[in-house]
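Now for the letters of each chain:
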Amino acid sequence: MASWRTGTTKQYEVYLKRWEQFCQSQRINRLDASVENGIDFLATLFTSDLGYSAINTARSALSSVLNLPNNRTFGAHPLVARFLKGVFEPKPSLPRYSSIWDVSIVLQHLWSSGPPTQLDLKSLTKKTTMLLCLLTGQRCQTITKLDTTLMQELPGTIVFTIGDKLKTTRPGKHLAPIELLAYPRDESICVVSHLKQYIACTKSIRATHDTQLLISYAKPHKPVSNFTVGKSAKSVLKDSGIDTGTFSGNSARPASTSYGALTGLTLAEILKAGGWTNAQTFAKHYHKPIAVNFRASILSHFQNISD
C-alpha cells in the first residue's frame with residue numbers, strides 16, 4: 001500500500017469498492033477471481049458509459065489485487081489487453097486541448113497591472129502565481145511545493161530547490177532546482193520583483209511554521225493547495241479574455257511550453273524545465289495553433305525590430 005501515491009490510492013479506491021460490490025453480486029471470491037471475472041467487471045464499467053481512461057485505471061487497480069497463475073498480472077494478460085483495445089476504439093482517450101491560448105495575451109494583461117509595489121495582496125498573489133506557472137512550465141502541484149526555506153536569492157536570480165515528493169519523483173530521479181531570472185528591463189512582468197514583494201507583504205501574516213511560498217490572501221492565510229493555484233491561474237486567464245469554459249488553470253503548463261518551443265527553445269531545455277522524462281510525454285502537451293501562434297510570431301518579430 002505504501003508503494004501507492006496519495007493520488008493513486010484515491011483513484012484505485014473507487015474501482016476497488018465497485019469490484020468488491022461486483023464480486024458480492026456475482027458470488028465470486030474476490031481473492032480467487034479469474035481473468036474472465038475481471039474482464040466481466042470491466043465490461044460492466046463499459047456499459048455504464050465509462051471511457052477508456054477510467055476503465056484503464058480500473059484495470060490497473062485490479063492488477064494490484066488479482067493473483068493469476070505463473071505470477072502473471074491481470075493487466076498484462078493478452079485477453080485484457082485485447083479488451084482494452086476494444087474499449088479504445090469506440091471510446092478513445094484523446095488530448096484535452098486541440099489548441100492552446102496565446103501566452104502573449106496573458107503577458108500583456110499582466111504587464112498592464114503595473115509593477116508589484118502598486119498591487120494589493122489579492123492581485124499580487126494571483127499575478128505572482130500566474131508568472132510562476134508561465135515561467136516554470138510546472139504542474140500546480142510543483143508550484144505548491146515552492147518553499148521559502150529552500151529558496152536561494154542570487155544576483156538577478158531566485159532558485160528554488162524542491163524538498164518534497166512530486167508526481168514524477170522516482171528512485172534516483174527528482175526535479176532539478178527551478179531557476180527564475182529577473183527581468184530588470186520592466187518590473188511589471190519581472191517574476192523576481194514580484195516574488196520579493198510578495199514575500200515582504202506576506203511576512204507579517206504567515207504563521208511561524210508556514211514556510212510554503214504561496215499562502216491564501218484571505219484569512220486565516222493557510223498554505224494554498226493545487227486546486228487554489230489552478231483557480232488563481234484560471235482567474236487571471238478570465239481577466240485576460242481567455243475562454244475559461246474551454247481552458248482550465250492547469251492549461252498554463254502546455255501553453256508556456258508550447259510557446260517556448262515556438263520561440264526557439266531546444267527540446268532538451270523544455271524537457272528539463274517542465275520536468276518531463278522524454279519527448280513523448282512532452283508531445284502530449286505540445287500544441288501548434290496556426291492562427292494564434294502566427295500572430296504571436298509576428299508580434300515577436302516587431303518587438304525584435306523595435307529593440
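Only a predicted model underlies this, so the values are computations on that prediction, with no experimental measurement involved.

Parameters at a glance
- Residues numbered from 1 in each chain as written.
- Predicted model: local features only at pLDDT ≥ 70, side-chain atom pairs only at ≥ 80, totals over all residues.
- Heavy atoms only, no water.
- Helix = DSSP H or I, 4+ residues; strand = E, 2+ residues; numbered from the N terminus.
- Expected span 1.5 Å × (residues − 1).
- Bend = angle between axes of the 7 residues up to and from the residue.
- Buried < 20%, exposed > 50% of the residue type's maximum accessible area, 1.4 Å probe, protein only.
- Contact = heavy atoms within 4.5 Å.
- Axes fitted to C-alpha atoms, helices over the stretch in contact; angles between N-to-C directions.
- Parallel < 35°, antiparallel > 145°, perpendicular 65-115°, else oblique.
- Left-handed = near helix turned anticlockwise from the far one by under 90°.
- Polar contact = N/O pair within 3.5 Å; in protein donor to acceptor, adjacent residues only side chain to side chain.
- Pairing = 2+ DSSP bridges.
- Core = buried A, V, L, I, M, F, W, Y, C linked by side-chain atoms within 4.5 Å.
- Salt bridge = Lys/Arg side-chain N within 4 Å of Asp/Glu carboxyl O.
- 1 Å grid on protein atoms, 1.4 Å probe; cavity = no way out; pocket = protein on both sides within 12 Å on 5 of 7 lines; lining within 4 Å.
- Points joined across faces, edges and corners; volume = space filled by probe spheres on them.
- Nonpolar A, V, L, I, M, F, W, Y, C, P; charged D, E, K, R; others polar.

Colleague: Describe helix α1 (residues 6-26), with residues and values.
Modeller: Across its 21 residues, α1 extends 30 Å between first and last C-alpha, which sits within 8% of the 30 Å expected from 1.5 Å per residue. At Glu13, α1 shows its maximal kink, close to 25 degrees. Within α1, burial applies to Tyr12, Tyr15, Leu16, Trp19, Phe22 and Cys23. Elements that come into contact with the buried residues of α1 comprise α2 (35-47) and α3 (52-63).

Colleague: Residues and numbers for the packing of helix α6 (residues 121-136) against helix α8 (residues 191-202), please.
Modeller: Relative orientation and spacing of two packed helices are given, respectively, by the angle between their axes and the distance between those axes. At a closest axis distance of 10 Å, the pairing of α6 and α8 adopts a crossing angle of 140 degrees. For the element pair α6 / α8, the angle class is oblique. By crossing handedness, the relation of α6 to α8 is classed as left-handed. Here Leu121, Leu124, Thr125, Lys127, Thr128, Leu131, Leu132 and Leu135 of α6 lie close against α8, whose contacting residues are Val191, His194, Leu195, Gln197, Tyr198, Cys201 and Thr202.

Colleague: Just give me the short version of the side chain of Thr144, but keep the residues and values in it.
Modeller: Summarising the element assignment, Thr144 is placed in helix α7 (residues 140-144). Here Gln141 takes part through its backbone oxygen, which lies 2.6 Å from a polar atom of the side chain of Thr144. Of the polar contacts made by the side chain of Thr144, one reaches the side chain of Asn226; its length is 3.3 Å. Excluding its chain neighbours within four sequence positions, the residues that come into contact with Thr144 are Gln212, Val224, Ser225, Asn226 and Val229.

Colleague: A description of the sheet that holds strand β3 (residues 178-181) should follow, citing residues and the corresponding values.
Modeller: Taken in spatial order, the three strands of this open sheet run β1-β2-β3, and their pairing is antiparallel. Two strands close off the open sheet at either side, each with one partner strand: β1 (151-154) and β3. Taking each pair of neighbouring strands and ignoring which way they run, the sheet shows an average axis angle of 15 degrees. Where α8 meets the sheet, its contacts fall on β1, β2 (157-160) and β3, and the angle it forms with β3 comes to roughly 105 degrees.

Colleague: How would you summarise the nonpolar core if you had to cite specific residues and measurements?
Modeller: One recurring pattern in soluble globular proteins: nonpolar side chains tend to sit buried together. Formed by 40 residues in total, the largest nonpolar core has its most connected members in Trp101, Val106, Met130 and Leu132. Contributions of two or more residues to this core are made by α5 (103-112), α6, α7, β2, β3, α8, α9 (226-240) and α10 (252-262). The leading source of residues in this core is α6, at six residues. Each residue touching Met130, except ones within four places of it in the same chain, is listed here: Trp101, Val106, Leu110, Ala233, Val236, Leu237 and Ala252. In this structure, Tyr12, Phe22, Val35 and Val80 belong to the second largest nonpolar core, which totals 25 residues.

Colleague: Got a sec to walk through the pattern of salt bridges? Specific residues and values, please.
Modeller: Within this structure, the stated rule accounts for five salt bridges. Residues Asp49 and Lys91 are paired through a salt bridge, measuring 3.5 Å at the closest nitrogen-oxygen approach. One end of the pair, Asp49, is in the loop between α2 and α3; the other, Lys91, is in the loop between α4 (78-88) and α5, and 42 residues separate them in sequence. Here Lys145 and Asp164 are joined by a salt bridge, their closest N and O atoms 3.2 Å apart. Of this pair, Lys145 sits in the loop between α7 and β1 while Asp164 sits in the loop between β2 and β3; the two residues are 19 residues apart in sequence, bridging distant segments of the chain.

Colleague: Would you mind going over the environment of Leu150 in detail, with residue names and values included?
Modeller: Mapped onto the secondary structure, Leu150 falls in the loop between α7 and β1. Leu150 gets classed as partly exposed once you look at its relative accessible area, which sits at 34%. Residues Leu150 and Ile162, spaced 12 residues apart in sequence, show a C-alpha to C-alpha distance of 7.3 Å. Every residue in contact with Leu150, bar those within four places of it in the chain, is listed here: Val159, Phe160, Thr161, Ile162 and Gly163.

Colleague: An account of empty space enclosed by the protein is needed here, citing residue identities and associated values.
Modeller: A complete count under the given rule lists one cavity of 30 Å³ or more for this structure. Of the voids in this model, the largest cavity is the one considered here, and its volume is about 30 Å³. Contributing to the lining of the largest cavity are Cys133, Gln138, Arg139, Cys140, Gly249, Asn250, Ala252 and Arg253. Residues that form the lining of the largest cavity fall into these classes: three nonpolar, three polar and two charged.

Colleague: Explain the pairing of β2 to me, using residue names and the numbers behind them.
Modeller: On β2, burial covers both faces: Thr157 and Val159 on one face and Ile158 and Phe160 on the other are all buried. In this sheet, β2 lies alongside β1 in antiparallel orientation, the contact comprising four bridges. Of the residues in β2, the one forming a bridge with Gln152 is Val159. Hairpin remark: β1 followed by β2, antiparallel, with two residues in the connecting loop; positive phi at Gly156, about 75 degrees. Pairing of β2 with β3 involves four bridges; the strand directions are antiparallel. Residue pairing in the sheet places Phe160 in a bridge with Ile178 of β3.

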